[in-house]
Amino acid sequence: MYERQYSVYVWHVGDFKLDSCRVCGAPISPFMSFGQMPIANGFLRPEEFADEYFFELAPAFCSSCHMFQIVEQPEPQAMFHENYAFFSSTSKYMQDHFKAFADDVSERFIAGRPSPFVVELGSNDGIMLRNFAAAGIHHLGVEPSANVAEVARSNGVETISVFFGAETAADIADQHGKANAILAANVMCHIPDIQGVALGVRSLLADDGVFVFEDPYLGDMIEKTSYDQIYDEHVFIFSALSVAEAFRRHGLELIDVAPQVTHGGSMRYTLAFEGARPVSSAVETILAKERAQGLDKPETYDRFRMNCETSRRDLMTLLNELREAGKRVVGYGATSKSTTTMNYCGVTPDHVEFISDTTPIKQGKCTPGAHIPVKPHADFAAAPPDYTLLFAWNHQREIMANETSYTDGGGKWITYIPKVEIFP
Ligand code: JHZ
Ligand code: ZN
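Residue positions are given per chain, counted from 1 along the sequence in the order it is written. Chain letters start at A and ligand numbers start at 1, both assigned in the order the entries are written. Side-chain atom pairs in this predicted model are given and counted only at pLDDT of 80 or more, local residue features only at pLDDT of at least 70, and totals for whole chains, interfaces and linings cover all residues. Note that water and hydrogens are dropped before the side-chain values are worked out from all heavy atoms of the structure.

In the vicinity of ligand 1 there are 23 residues, among which E233, S336, D357, K362 and H395 approach most closely. Residues adjacent in sequence count toward polar contacts only when both atoms are side-chain atoms; beyond that, a polar contact is any pair of N or O atoms within 3.5 Å, and within protein one must be able to donate a hydrogen and the other to accept it. Note that an oxygen atom of ligand 1 is positioned 2.7 Å from one of the side-chain N or O atoms of H395. Protein contact buries 96% of the 740 Å² of open area that ligand 1 shows by itself. Of the residues that constitute the shell around ligand 1, the class distribution is six nonpolar, 13 polar and four charged. Any residue with at least one heavy atom within 4 Å of a molecule or strand is counted as near it. Only the protein chains shown count as cover for residues, and all accessible areas are computed by the Shrake-Rupley method using a 1.4 Å probe. When residues are sorted by character, Ala, Val, Leu, Ile, Met, Phe, Trp, Tyr, Cys and Pro go into the nonpolar class, Asp, Glu, Lys and Arg into the charged class, and all the rest, Gly among them, into the polar class.

Rendered as structure tokens:
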């Protein structure tokens, strides 16, 4: 099934490095390399170190269709499987965010329909769909990682465990009818076969239906030098420019955009069949803003590369100084993003003693590549370090609110987005 659904993608797996754009086929080449990288969510035990998988993490920008993409990606099964380590519901703030997302879609596109049907791609543990389930709305989650899908089912969210593509879409439409809304959050940027998804959306979406998805936003990544958004799972970092172009090719029109603060700066894109719905003025506004920011120009990415190098140098200077001064440094949040940070910068267990993380499946294991132990929050609370390196910088507000006793007791934090800094 995988081979058929990912017929475009199978050409690009393994050691093969892509030299043409996944969207338009124009020639592309990387403008920088983050070096050898492991699977971002591949937490492992010491006995597994010897067999750890690495690939070269190298991003490219397509000057033709403006898609930002990595040129080499591990096979999907190496990333999304029955031991997938990221559970969306670990953040209370994200639970509220997805409730608001679901409410917004319901009000604008679902209310008043006789028997609406909502599909979510990559529905993880059901963090968004459970809001539709609670309202008694016909829904279906499509989630390839079997373990998180099982959690969703146990929460009353109807879920199938497959990769989404043209064939799955046709099966769903046969069984359930056409969808009024197809949703995806932090998922579209994970799927290399964007063409296959577009075909799937076309065959599953009702004539006046909407496809609404959000992902980390290229504009924020460039502005904040948040290079850690780039890792194996994130094959694309989208902009309105690139999304509009990628889907225009399949008769789908970008009709609205809405910036989000989640994941350090995201964008929500709403698409519909061309001409089926009015286009918001927000679309032209964001396209103009992106051109002014230079997101359509290769020079912007050369500057980004230099900013990444500065960030790496500053972080390692600080961590080396703290190590020499005998300070204890602990990491907070064993994020996917931190795999890029630690492996690109060269952070070792000599710099960071352990990383505190509330996700049970990560605890007791080590981080990919850098091999820093991951421990429960109780270990952090029991022996507060001098400095805490905030790998989950995107959850800063929530974490600061929970850690007032550490901070009030003199504990210091280190962030590296948008620049390396100690606070308070
Ligand atoms: P967090 C994930 O990236 C994975 P990650 C995925 N690839 C994706 O696309 C992005 O999201 C958008 C822990 N934590 O949300 C929980 C605490 O320990 O930044 C998580 O392990 N204490 C699908 O992995 C991690 O930090 C806390 O108080 O970069 C946060 O991971 C909080 C709030 C979190 O996503
Ligand atoms: Zn292209």
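Time to look at the sheet that holds strand β18 (residues 421-423). With mixed pairing, six strands are arranged side by side in an open sheet as β15-β14-β13-β16-β17-β18. With partners counted over all chains shown, the strands left at the sheet margins are β15 (374-375) and β18, one partner each. Following DSSP output, two strands are said to pair if at least two bridges run between them. Secondary structure follows DSSP: runs of H or I at least 4 residues long count as helices, runs of E at least 2 residues long count as strands, and numbering of each begins at the N terminus. Judged from the two bridges that link them, strand β14 (residues 355-356) and β15 form a sheet pairing that is parallel. Residue S356 lies in a different strand from β15, and its bridge partner there is K375.

Two elements in contact, helix α11 (residues 298-324) and helix α12 (residues 336-345), have axes separated by 10 Å at closest approach and are oriented at 80°. Taken together, α11 and α12 sit at an angle that is classed as roughly perpendicular. For the pair α11 and α12, the contacting residues are C308, E309, R312, L315 and M316 in the first and T341, Y344 and C345 in the second. Orientation is described by lines fitted to C-alpha atoms, with helices fitted over the stretch in contact, and by angles between N-to-C directions that extend from 0 to 180 degrees. Should an angle lie under 35 degrees it is considered roughly parallel, over 145 roughly antiparallel, and from 65 to 115 roughly perpendicular; all remaining angles are considered oblique. In this analysis, two residues are considered to be in contact whenever any of their non-hydrogen atoms come within 4.5 Å of each other.

Moving on, we come to the sheet that holds strand β11 (residues 252-260). Sheet strands associate in pairs through backbone hydrogen bonding, adopting either a parallel or an antiparallel arrangement. Ordered in space as β7-β6-β5-β8-β9-β12-β11, the seven strands form an open sheet in which the pairing is mixed. The sheet terminates laterally at β7 (159-160) and β11, the two strands that pair on one side only. Sheet analysis places strand β8 (residues 179-185) next to strand β9 (residues 205-216), joined by six bridges and oriented parallel. Of the residues in β9, the one forming a bridge with A179 is L205.

With that settled, the discussion passes to the coordination of the zinc ion (ligand 2). By definition of the ideal shapes, a tetrahedral metal site with four donors has angles of 109.5 degrees and an octahedral site with six donors has angles of 90 or 180 degrees. Donor criterion used throughout: N, O or S atom within 2.8 Å of the metal, extended to 3.2 Å for Na, K and Ca. Water excluded; incomplete-looking sites may result. Looking at the metal site, the zinc ion (ligand 2) is ligated by C21 (SG), C24 (SG), C62 (SG) and C65 (SG), spaced 2.3 to 2.4 Å from it. Each label reflects the angles at the metal, where four donors whose angles all fall between 85 and 135 degrees are tetrahedral, four or six donors whose opposite pairs open beyond 155 degrees and whose other angles stay between 65 and 115 are square planar or octahedral respectively, and the rest are irregular. Coordination geometry of the zinc ion (ligand 2): the four donor atoms subtend angles of 100 to 114° at the metal centre, consistent with an arrangement described as tetrahedral. On the primary sequence, the residues serving as donors to the zinc ion (ligand 2) are separated as C-x2-C-x37-C-x2-C. Of this pair, C24 sits in the loop between α1 (2-5) and β1 (36-37) while C65 sits in the loop between β3 (59-61) and β4 (68-70), placing them 41 residues apart in sequence. Under the relative-accessibility criterion, C24 is labelled partly exposed at 22%. For each residue, the accessible area found with a 1.4 Å probe, counting protein chains only, is set against the maximum for its type, and the residue is called buried under 20%, exposed over 50%, and partly exposed in between.

Burial along strand β16 (residues 387-390) is two-sided: Y387 and L389 and T388 and L390, pointing in opposite directions, are all buried. Two elements, strand β13 (residues 329-332) and β16, share four bridges in a ladder whose sense is parallel. Bridge assignment links V330 to a residue of β16, and that residue is T388. Relative to strand β17 (residues 412-415), β16 is paired through three bridges, and the arrangement is parallel. Residue Y387 lies in a different strand from β17, and its bridge partner there is K412.

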